[in-house]
Every structure is written in C-alpha cells, then in structure tokens.
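Single-letter residue listing:
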Amino acid sequence: MEALMAVEHVDVLIVGAGVAGIGAACHLTRASPGKRYLILERRERIGGTWDLFRYPGIRSDSDMLTFGYNFRPWTQTRVLADGASIRRYVVDTAAEYGVSQHIRHGIDVVKASWSTEAGRWTLDARDAATGRPKRFTANFLMACTGYYDYEAGFRPAFPDEDAFPGPIVHPQHWPEDLDYRGKRVVIIGSGATAVTLVPAIAEDAAHVTMLQRSPTYIASLPARDTLAERLRRYLPADVVYRLARRRNLAFQRAMFRLSRKRPEIVRRMILRAAERQLHGHSDIKHFTPTYQPWDQRLCVAPDGDLFRAIRTGRADVVTDRIRRFTTTGIELESGAELHADVIVTATGLNVQMLGGAQLEVDGEPVALNQRVTYKGVLLEGVPNASVVFGYTNAAWTLKADLAAEYTCRLLNHMDAHGYRQAVAHAGDSDRGPDSALASLNSGYVRRGNDRLPRQGTRGPWRITNDYRRDLPMLRRAPIDDGVLQFK
C-alpha cells in the first residue's frame, strides 16, 4: 500500500498555519521567491491560537505594534487586539502574499523523518477527517507549531468534581452555547486567560470570582495608542508602524532589563499602580506575588478593565486552595465556600513540541530534551530544519519573524554554494541542564520541562530572549560561521 501512496514533494514544508507559519511562508515569498512550499495544518482554518481560543474577551497580551509582522503594519487602533481581529490580520496577510493557496488543511503530521542518504525529509501524516495516510517530502522543514497541545489544555482533577451539578469549562474548548448571564461564575486561575475572562464575563454575569492559589503581577495599559493615532494623520501608516514599534521595543526591553537588575523597583511600581486602580476595593495581597517581576509572564489589563470590574463589585479575587467541589460551588481550605453556577478552569496549557509529531534522523528518534538550539532556530544534530519559536518575554512574532528571515538566508546561502545539507553540532559543554524556557517559572514550563530543548551554556547555543541581540545575529551575521556544517 505504501508504494501506491501519492507523495507530494516541495522545497520547503511548513508545519502550522498560525501566526508563525503564515509569517514564515510570507518571508519565503519575499526573500526566496523561487522556493516551492506547502503548509500542513491540522485545523480547517488559518490562525492557530487565534482560531482555537474563542472564550469571551480573548485578546493579545502583547501590544500589536510589536506583535504584528515586521513586513505588514498593524493599522487598527487597539493596542491589545481581540482574537477575531488578530486572526483576520493573519488571514489577510496570507491572502496578500498568495500564501492561502499553498495550505493543506486537515493534515495531522504524525512523524517527520530525515534521511541523510536521500537528503530530504519525509513527513507521514493522516487526513484528520478520514484517517487516511498522507505523505509529503521536502528538502527543508520549518516547524511552526508553537509549544502547546492544541487538543487538550492542562486540566487537573479536583476532589468531588462530580458533586457539582453545573458546567465545568476549560477556556481552550469554550462551548458556543455556554450561558453565564445572570449567573455566579468562579474562574480558577490567575494567568492571562483568567485576567482576560473576568472583566469580559462580569459584564453579563451576576458575579465573577477569580480563585487563585497565588497572585500574579497585573499591570494596566492604555487600550489605544493615542500618539500613533495622531501621527497617522500626517505620516504614512508604515512609517508610524516602524516608529511606534521602535518606541515600544525600547520600552519593553528597558522594563525587562530593569526587572532583572532592580526587581524591587519594578515590583513597587506595579503594586503601587494596582493599589491606585483598586481604590481600596480589594486587598493588595491578592495582587502581590512571591516571585519577582518577569519570573513569570506579566499579565496586562487594557484600561484597567479587571480593576474596574472589581471596583464596581461585579468581580472579586480570592487567594486560597481548593478542598473540594460541592453541590453549590467550591469549598476552600480556609473553610470558606464560593457559590457558583458555572466553574471555569483557566488552569493553563500542556507543553507539546512539533504538534506531537515524532522526529527522527536516519531512523533514530530525536529526544528534544537532550538537544540545544543553534541561535534559537536550528536544532543541533537535525539537518535542514528550523524551529520557528517566538519570545516568551515580549511579542511572539518578533522572534518568529527573525527566525523565518534567518531560515531564508540559510536557504539562499545553500543555493548559492550548491549545498544540499546544513546541520549544527554542539559539544557536551554547550548543553546546559535547564530548558529553553528556563527564564520563565510558569507552571506549564515546569510541567513541560522534559519535553523542551535544553538551554545552551554559551555562544550561539544560548537563548537570550533579547531582540536587540538577536537582530544582528540572525539578520546580518555570516551564515557560514564555522559552527554550521554544510554538505
């Protein structure tokens, strides 16, 4: 049967049609226009994260002037855009660059195998609807699948869940018909999803409680960039976009560096701002984490919407642990009970690399948790493959753009010199014990430690999470640097 299976061959296979995958295809179109490529996408629509998540209030937690692609301006006025607008931006970008016609939807990649002898990748997949096997081959592979499992979020089991008669919902799979109007809602969690859900649901619910085990830093940001809006009256949109991106990048980098060098200063700034927003309507202890700023990703509230919901009495925050579910809500370890009609488990993600596909090189499985990344883009010992991975301390797309640009530079360099294979080899001393996301202490990072590549100890193996340092390294530094090996 395998001999009869139709096989599609292209120069480059891109896995994933989300923000990173569409961006990668656009960069190929711009910088390597002669390359034939396909995008393999499990879902039936473009958008990735922004198609999957459909809970109320879903929005970006990075400003759109840095989250937008570096080659196509974001021209809408909202700084933190809603999910539907972001997906529309990605879809329009794909259409503008002729990418849509290169997407194969409903394709679930099961295994990616590299053959040194053949000098190509073979991707075994299945039709998501029928289960029929599919096969694709390519000279180069770009993995643009993100780092979490799209099929299931992290969902711990709670004692006596069956006792609760109402709906228990995870935001990753939000039911379209869920009715919370006039009802009491408890949202378990304190991350970006919970911070987004509370004010969105509070508009229609009787009351919303955010139940957290421990607090998170929450900063209020303006919902609109008024300076950029004024500048658009006099300057072209792409000029304003570039200027505003530079301003926001400089501010973000300065705040992150200050958080690392003088965390107590940033901590005081965030907590004082939260106190001013709360006006005494909630104890500041619920917004005072035990960790330092940016040990975990900072949550943002556009125009202080979360704080406003608390001030109006439509929402509150409780810091406690769950003892058990009851017939009327949740009993806490303190002895208090939260009455609820609906419970939302905003408990996080499950880490998954390469969309769950197996990775092999010459018949040998590749254990990602034993590999480091070269310049945060290539996996050591894995030829002709890049992993387009974004930032965790800034807008995801900033790094995704750079990674795609670097991949195009590598492909063009190989063509110019007649190379068919490129691979990076690291030594034992280049490989550190921590994961590639070690800069974050978030729960999903700790849970997924055994599935993530390692952090390098030096040079091109070390992930800096610093756009200003990555920019010259990925955009301008020589491709043939003595570390990459070519055939």
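Each chain carries its own residue numbering, running from 1 in the direction its sequence is written. Per-residue local features of the predicted model are confined to residues with pLDDT of at least 70, and side-chain atom pairs are confined, for both listing and counting, to 80 or more; whole-chain, interface and lining totals are unaffected and use all residues. The basis for every side-chain value is the complete set of heavy atoms in the structure, and neither hydrogens nor water enter the calculation.

Draft legend 1. Just the overall build of the chain, in detail. Secondary structure assignment for the chain yields 12 helices and 25 strands. Between the two quantities, the radius of gyration covers C-alpha atoms and the globule rule is 2.2 Å times the number of residues to the power 0.38. Against the compact-globule benchmark of 23 Å for 487 residues, the chain has a radius of gyration of 23 Å, which places it among compact chains. Restricting to contacts in the chain with at least 6 residues of sequence separation, those with at least 24 account for 71%. Only the protein chains shown count as cover for residues, and all accessible areas are computed by the Shrake-Rupley method using a 1.4 Å probe. For the chain, the accessible surface area stands at approximately 21400 Å², while carbon and sulfur atoms represent 49% of it. When charges are counted, neither His nor the chain ends are considered; positive counts come from Lys and Arg and negative counts from Asp and Glu. All charge positions are set by atom: Lys at NZ, Arg at CZ, Asp at CG, Glu at CD. A distance of 6 Å separates the average location of the 66 positive side-chain charges in the chain from that of its 55 negative side-chain charges. For the purposes of this entry, the term helix denotes a DSSP run of H or I that reaches at least four residues, the term strand denotes a run of E that reaches at least two, and both are numbered from the N terminus. Contact between two residues is taken to exist if any of their heavy atoms lie within 4.5 Å; hydrogens are not considered.

Draft legend 2. Quick look at the side chain of Asp-124. Position of Asp-124 relative to the elements: it lies in strand β5 (residues 120-127). With a relative accessible area of 19%, Asp-124 lands in the buried category. Excluding anything up to four places from it in sequence, Asp-124 contacts Asp-108, Val-109, Val-110, Lys-111, Lys-134 and Arg-135. Residue exposure (1.4 Å probe, protein chains only): buried if accessible area is under 20% of the type maximum, exposed if over 50%, otherwise partly exposed.

Draft legend 3. Focus on empty space enclosed by the protein. A cavity here means a set of 1 Å grid points, computed over protein atoms only, where a 1.4 Å probe fits but cannot escape. A pocket is an open set with protein on both sides within 12 Å along at least 5 of 7 lines, and lining residues have an atom within 4 Å of a point. Grid points are joined across faces, edges and corners, and a volume is the space filled by probe spheres set on the points. Tallying each qualifying case throughout the model produces six cavities of 30 Å³ or more. Estimates place the volume of the largest cavity at around 170 Å³. Considering the residues around the largest cavity, the lining is formed by 14 residues, among which Thr-373, Gly-376, Phe-389, Ala-436 and Ile-463 are closest to the centre. By volume, the second largest cavity amounts to about 120 Å³. Ala-112, Leu-141, Ala-143, Leu-354 and Leu-359 are, among the 17 residues lining the second largest cavity, the residues nearest its centre. Listed by contribution, the elements that provide at least two residues to the lining of the second largest cavity are β4 (107-115), β5, β6 (133-143), β17 (358-361) and β21 (385-387). Ranked by residue count, the leading element in the lining of the second largest cavity is β21, at three residues.

Draft legend 4. Just the packing of aromatic side chains, in detail. Note on ring pairs: Phe, Tyr and Trp rings are taken, using the six-membered ring of Trp, and paired if centres are within 6.5 Å. Classes follow the plane angle, with under 30 degrees stacked, over 60 edge-to-face and the rest tilted. According to the stated counting rule, one finds 20 aromatic pairs in the structure shown. With a centroid separation of 5.4 Å and an interplanar angle of 85 degrees, the aromatic rings of Tyr-217 and Tyr-291 are classed as edge-to-face. In this pair, Tyr-217 is assigned in the loop between β9 (207-212) and β10 (218-221) and Tyr-291 in the loop between α8 (263-278) and β11 (299-302), connecting sequence segments 74 residues apart. Tyr-291 gets classed as buried once you look at its relative accessible area, which sits at 12%.

Draft legend 5. Highlighting the sheet that holds strand β14 (residues 329-332). When DSSP finds at least two bridges between two strands, those strands are taken to pair. Pairing is antiparallel in the open sheet, where three strands are placed in the order β13-β14-β15. Each edge of the open sheet carries a strand with a single partner, namely β13 (322-325) and β15 (337-339). Averaged over all adjacent pairs, the angle separating strand axes in this sheet is 25 degrees, with direction ignored. Both β14 and β15 contribute to a ladder of three bridges, which runs antiparallel. Counterpart to Glu-331 in the pairing with β15 is Glu-337. Where helices are involved, their axes are fitted lines through C-alpha atoms of the stretch in contact, as for all axes, and angles between N-to-C directions lie from 0 to 180°.

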